[in-house]
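# Chains, contacts and geometry: an overview
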Amino acid sequence: MGAFELTITETVLVFVGIPLAVVAIIYGLVYGLAARSGGKRYRPGRPYTAAPVWYLANKHSAPEAHESHAREVTAVPEGELATVHYGETGGASDSW
Amino acid sequence: MTAGDHATSARPDVLEGPFTTPQLLRIDEALRTADDSTGLTFSLYVGDLELPVRGYAEKLHSQLAAPDQSVLVAVSPNQRVLEIVTGHDARRRIPDRSSKLAALSMTAAFGGGDLAGGIVAGLAQLASQAGRS
C-alpha cells in the first residue's frame, strides 16, 4: 500500500480538472453544434427571428414566385387593401 | 422585412428562413403534391403578419397569380397565429369546416415547436379534402 500517494496538485488535477474538462467538452458539443445547425429553430415562447419567407411549389418557378415577401408587398400600392373584397375568401384562423 | 433587398438573392433569402434543407425539401414536396393532385395552387407564408392579421393574409392571398384557385397558409410564429385563406373556387373544394380542421392539427404541431411537421401535415390534409381535379 502507499502506491497511491498523490500530492495536492495531482489530486486537484485528477478530481477537479478532469471532470471540468469533460463538462466543457460536452457543453461545447451540445451548444456549439446547436448554434451552428438549428439557431433559428422555432421554439414556442421564444422570439422568432428568421426572415419572412413565402413558398410556392417548385413547378411555378416563375420570377414572381421567387421574389421575396418584402418585394411583393412593397410592390402593392397603399390603397390595395381597400380593393380586397372581404368575404369572398374562405378559410380558417387559429392560434396556439 | 429585411428580406429581398437584392432581387437576385432569392436563394439566400429562402435559406434565412426557419427551416433546414431537409425540411424545405419536405415542404416543397408537400406543396407540389398538393398542387399536382388538386389542380389548385397552394402557397405557404411564414413570417410576421401585419394587423389586422386576417386582412393582411387576405391581401397576401390576393397577390397570388390566380387567387380564386389558390390556398394560402400563413403562419406567424411570433404572433402564434395561423391563417388559411381559400379563394372563391378553392373554397368550394375545401369548405371552411375542413380548413378549420386542418388548422387545428397544424396548431397542435406548432404548439410543440414543430413548424415543418405541422405545415406538411396541414397541406396534406387540405389537399386530400380538395380531392382530385
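Turning next to the overall build of chain B. Summing up its helical and strand segments, chain B has six helices and three strands in all. Tracing chain B from N to C terminus, the helices and strands come up as α-α-β-α-β-β-α-α-α. Out of the 133 residues in chain B, the part that is buried amounts to 53%. Summarising the internal contacts of chain B: among those between residues at least 6 apart in sequence, 60% fall at separations of at least 24.

Here we take up the packing of aromatic side chains. By the definition in use, this model includes six aromatic pairs over all chains. Centre to centre, the rings of A:Trp96 and B:Phe110 are 4.9 Å apart; their planes meet at 55 degrees, and the pair counts as tilted. In this pair, A:Trp96 sits in the segment after β2 (90-95) while B:Phe110 sits in helix α5 (residues 96-111), so the two residues belong to two different chains. Assigned by exposure class, A:Trp96 and B:Phe110 land together as buried. Ring pairs connect the aromatic residues A:Tyr42, A:Tyr48, A:Trp96 and B:Phe110, which therefore count as one cluster.

Residue and element names in this part refer to chain B. Across chain B, the average pLDDT comes to 83, with 87% of residues at or above 70. Here helix α1 (residues 10-15) stands out as the element of chain B with the lowest mean pLDDT, 56, in contrast to α5, whose mean of 91 is the highest. Between residues 1-10, whose pLDDT stays under 50, and residues either more than four places distant or in other chains, the model counts 14 contacts. Across the assembled chains, the prediction reports ipTM 0.71 with pTM 0.66.

Trans peptide bonds make up most of the peptide bonds, and negative phi angles are found at most residues other than glycine. Residue and element names in this part refer to chain B. For the bond running from leucine 51 to proline 52, omega is -5 degrees, close enough to zero to count as cis. Here proline 52 is to be found in the loop between β1 (41-46) and α3 (53-62). With a phi angle near 55 degrees, arginine 80 is a residue other than glycine that sits in the positive phi range.

Definitions and limits used
Residues numbered from 1 in each chain as written. Chains lettered and ligands numbered in written order. Predicted model: local features only at pLDDT ≥ 70, side-chain atom pairs only at ≥ 80, totals over all residues. Heavy atoms only, no water. Helix = DSSP H or I, 4+ residues; strand = E, 2+ residues; numbered from the N terminus. Buried < 20%, exposed > 50% of the residue type's maximum accessible area, 1.4 Å probe, protein only. Contact = heavy atoms within 4.5 Å. Phe/Tyr/Trp six-rings, centres within 6.5 Å; stacked < 30°, edge-to-face > 60°. pLDDT = per-residue confidence, 0-100.

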